[in-house]
Amino acid sequence: MAIQAVSGNPTGKIGVADAPPVELALSRSKLYLLLSWGFLYPEEEEFYNYLQEGEFVEDGLSAIETLEKSLEATKATDKVRDLVAPMKKFLDQIADWEQENFKTWEFSDLQDEHRRVFSNVISLDAPPYETLFGNEHVFQQSHTMGDIAGYYKAFGLELAEVVHERLDHLSVEMEFLHFLAYKESYALCHDGEEKLQIVVDAEKKFVRDHIGRWAPLFADMASKKAQRGFFMLLCELCKAYLKFECAYLGVTPQPYKETDYKPATFTPPEGAVFECGAQDLGNELSVLLDEVGGRSQMENGENEGGGESGGTAGHA
């Protein structure tokens, strides 16, 4: 792990000779970002073109190649390194799918397929929203949403209005982890060990307590619903990557089961309207919180102790 690579360094900073930990964090960041883009509803043709031109797979394979080299250089365990191969397999399968389908597919076909698998509203089969898992009551949903918002707030992130999604959407949570992994790479080069530890701790806690608990079940449900095509392969890639991340970070989430999925009882907290999404500004994250709903949830998170990363994390 990257944090272990700098142990014993008085400043906590690394030099050029210690580049593998930085490259490792950057490759993880990129893979999170690719998944974030993939799960977001394609409102514009940009992502369609990105797929059609083969750049999604190219960037993914490049990140995995760097990941493999960095894991070897940092002497990661065989258990962790063995979890990389499945990710490459699914990216290769996506490449095969692209080669076959983009002979006939148009942008509207990608949108239709996204709606078929995930729906652009809350789907009863495979909803990409964390609060629909393991939260039987409105109070529990509100607490979970507040905890998520607390993490975003702690790192100075805001949600924009460019893409209309809730802050517990899988794409937004993936992009938050993209941001944290990128911030880890920056901390390795420029910050001391204390600030680096804050970022790594936030990664571990968010994977353990949030995305690692619900996203594997969601991806499994969505993959079964899709049965074929890009989004089925994306879900399988997601499951493989999260399995790798849990092993790499050394965390063991308590996964939800299908019986923990509670779609019928979901009701947004009174007065809150969640509109959120994510956009990439060249390896920097701009994740968005709705002016009213987001702020109310952040206040809930503070009052109820949400957001484990807490105040000092915002300085990392």
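Everything discussed here concerns the structure shown above.
Residues numbered from 1 in each chain as written. Predicted model: local features only at pLDDT ≥ 70, side-chain atom pairs only at ≥ 80, totals over all residues. Heavy atoms only, no water.

Colleague: Before we move on, could you go through the overall build of the protein chain and cite the residues and values that matter?
Modeller: A tally of regular secondary structure across the protein chain gives 12 helices and 2 strands. Listing the helices and strands of the protein chain from first to last along the sequence gives α-α-α-α-α-α-α-α-α-α-α-β-β-α. Going through the 316 residues of the protein chain one by one, you find that 54% of them count as buried. Long-range contacts, defined as pairs at least 24 residues apart, comprise 81% of the intrachain contacts of the protein chain with a sequence gap of at least 6. Split by element, the accessible area of the protein chain, about 13,900 Å² in all, is 48% carbon and sulfur. (Helix = DSSP H or I, 4+ residues; strand = E, 2+ residues; numbered from the N terminus. Buried < 20%, exposed > 50% of the residue type's maximum accessible area, 1.4 Å probe, protein only. Contact = heavy atoms within 4.5 Å. Areas by Shrake-Rupley, 256 points an atom, 1.4 Å probe, with all protein chains shown as cover.)

Colleague: How would you summarise empty space enclosed by the protein if you had to cite specific residues and measurements?
Modeller: Gaps left between atoms are located by rolling a probe of water-molecule size over the structure's atoms. Scanning the model with the defined rule gives 1 cavity of 30 Å³ or more in all. Its volume calculated, the largest cavity comes out at about 50 Å³. Leu31, Leu34, Leu35, Phe56, Met87, Leu91, Leu237 and Tyr241 together form the lining of the largest cavity. Of all elements in the fold, only helix H2 (19–39), helix H6 (85–101) and helix H11 (229–249) reach the threshold of two or more residues within the lining of the largest cavity. With 3 residues, the single largest contributor to the lining of the largest cavity is H2. Looking at the lining of the largest cavity residue by residue, the class counts come to 8 nonpolar, no polar and no charged. (1 Å grid on protein atoms, 1.4 Å probe; cavity = no way out; pocket = protein on both sides within 12 Å on 5 of 7 lines; lining within 4 Å. Points joined across faces, edges and corners; volume = space filled by probe spheres on them. Nonpolar A, V, L, I, M, F, W, Y, C, P; charged D, E, K, R; others polar.)

Colleague: Would you mind going over the side chain of aspartate 168 in detail, with residue names and values included?
Modeller: With respect to the helices, strands and loops of the structure, aspartate 168 is situated in the loop between helix H8 (138–154) and helix H9 (170–190). Polar side-chain contacts of aspartate 168 include one of 2.8 Å to the side chain of arginine 166. Setting aside its immediate chain neighbours within four residues, aspartate 168 contacts Pro128, Tyr129, Glu130, Thr131, Met145, Ile148, Glu173 and Trp214. (Polar contact = N/O pair within 3.5 Å; in protein donor to acceptor, adjacent residues only side chain to side chain.)

Colleague: Could you give an account of the side chain of serine 29, naming the residues involved and the relevant values?
Modeller: Here serine 29 shows up in helix H2. In contact with serine 29, not counting residues within four places along its chain, are His178, Ala181 and Tyr182.

Colleague: I'd like a description of the packing of helix H10 (residues 193–226) against H11, backed by residues and values.
Modeller: Interhelical geometry of H10 versus H11 gives an angle of 155° and a closest axis separation of 9 Å. Classified by the angle their axes make, H10 and H11 are roughly antiparallel. When the axes of H10 and H11 are compared, the crossing they make is left-handed. Where H10 approaches H11, its residues Glu203, Lys204, Val207, Ile211, Ala215, Pro216, Ala219, Asp220, Ala222, Ser223 and Ala226 are matched on the opposing element by Met232, Cys235, Glu236, Cys238, Lys239, Leu242, Cys246 and Leu249. When the residues that make up the contact of H10 with H11 are grouped by side-chain class, the tally is 13 nonpolar, 1 polar and 5 charged. (Axes fitted to C-alpha atoms, helices over the stretch in contact; angles between N-to-C directions. Parallel < 35°, antiparallel > 145°, perpendicular 65-115°, else oblique. Left-handed = near helix turned anticlockwise from the far one by under 90°.)

Colleague: How would you sum up the nonpolar core? Please name residues and give values.
Modeller: Grouped together as the largest cluster of nonpolar side chains are 82 residues, with contacts concentrated most on Phe56, Phe218 and Phe244. The contact partners of phenylalanine 218, leaving out residues within four places of it in the chain, are Phe39, Phe118, Ala126, Pro127, Pro128, Phe133 and Leu170. Within the second largest apolar cluster, 5 residues are counted, among which are Ala187, Leu188, Leu196 and Val200. (Core = buried A, V, L, I, M, F, W, Y, C linked by side-chain atoms within 4.5 Å.)

Colleague: Lay out the pattern of salt bridges in plain terms, naming residues and giving numbers.
Modeller: Under the definition given, this model contains 11 salt bridges. Residue aspartate 168 is joined to arginine 166 by a salt bridge in which the shortest nitrogen-to-oxygen separation is 2.8 Å. Each member of the pair, aspartate 168 as well as arginine 166, is classed as buried. Connected through shared salt-bridge partners, Arg28, Glu184, Glu203 and Glu245 make up one network. (Salt bridge = Lys/Arg side-chain N within 4 Å of Asp/Glu carboxyl O.)

Colleague: Let's hear about the state of the cysteines: which residues, and what values?
Modeller: Considering all chains together, one arrives at 0 disulfides under this definition. Free cysteine cysteine 238: the closest other cysteine sulfur is in cysteine 235, separated by 6.8 Å. (Disulfide = S-S within 2.5 Å.)

Colleague: Give a description of the environment of cysteine 189 that names residues and reports values.
Modeller: By secondary structure assignment, the location of cysteine 189 is in helix H9. Along the sequence, cysteine 189 and alanine 19 sit 170 residues apart, while their C-alpha atoms lie 8.9 Å from each other.

Colleague: I'd love a proper account of a negative patch on the surface, names of residues and values included.
Modeller: A cluster of acidic residues, Glu43, Glu44, Glu45 and Glu46, forms a negative patch on the protein surface. Secondary-structure assignment places glutamate 45 in the loop between H2 and helix H3 (46–52). On the basis of relative accessible area, glutamate 45 is assigned to the partly exposed category, the value being 43%. (Patch = residues over 30% accessible without salt bridge, like charges linked within 9 Å, V, L, I, M, F, W, Y side chains within 5 Å. Lys, Arg positive; Asp, Glu negative; His and termini not counted. Charge placed at Lys NZ, Arg CZ, Asp CG, Glu CD.)

Colleague: For the environment of lysine 30, give the residues involved together with the corresponding values.
Modeller: Tracing the chain through its elements places lysine 30 in helix H2. Measuring from C-alpha to C-alpha, the distance between lysine 30 and histidine 178 comes to 6.6 Å, with 148 residues separating the pair along the chain. Not counting chain neighbours up to four residues away, the residues in contact with lysine 30 comprise Trp37, Tyr50, Asp59 and Ala63.

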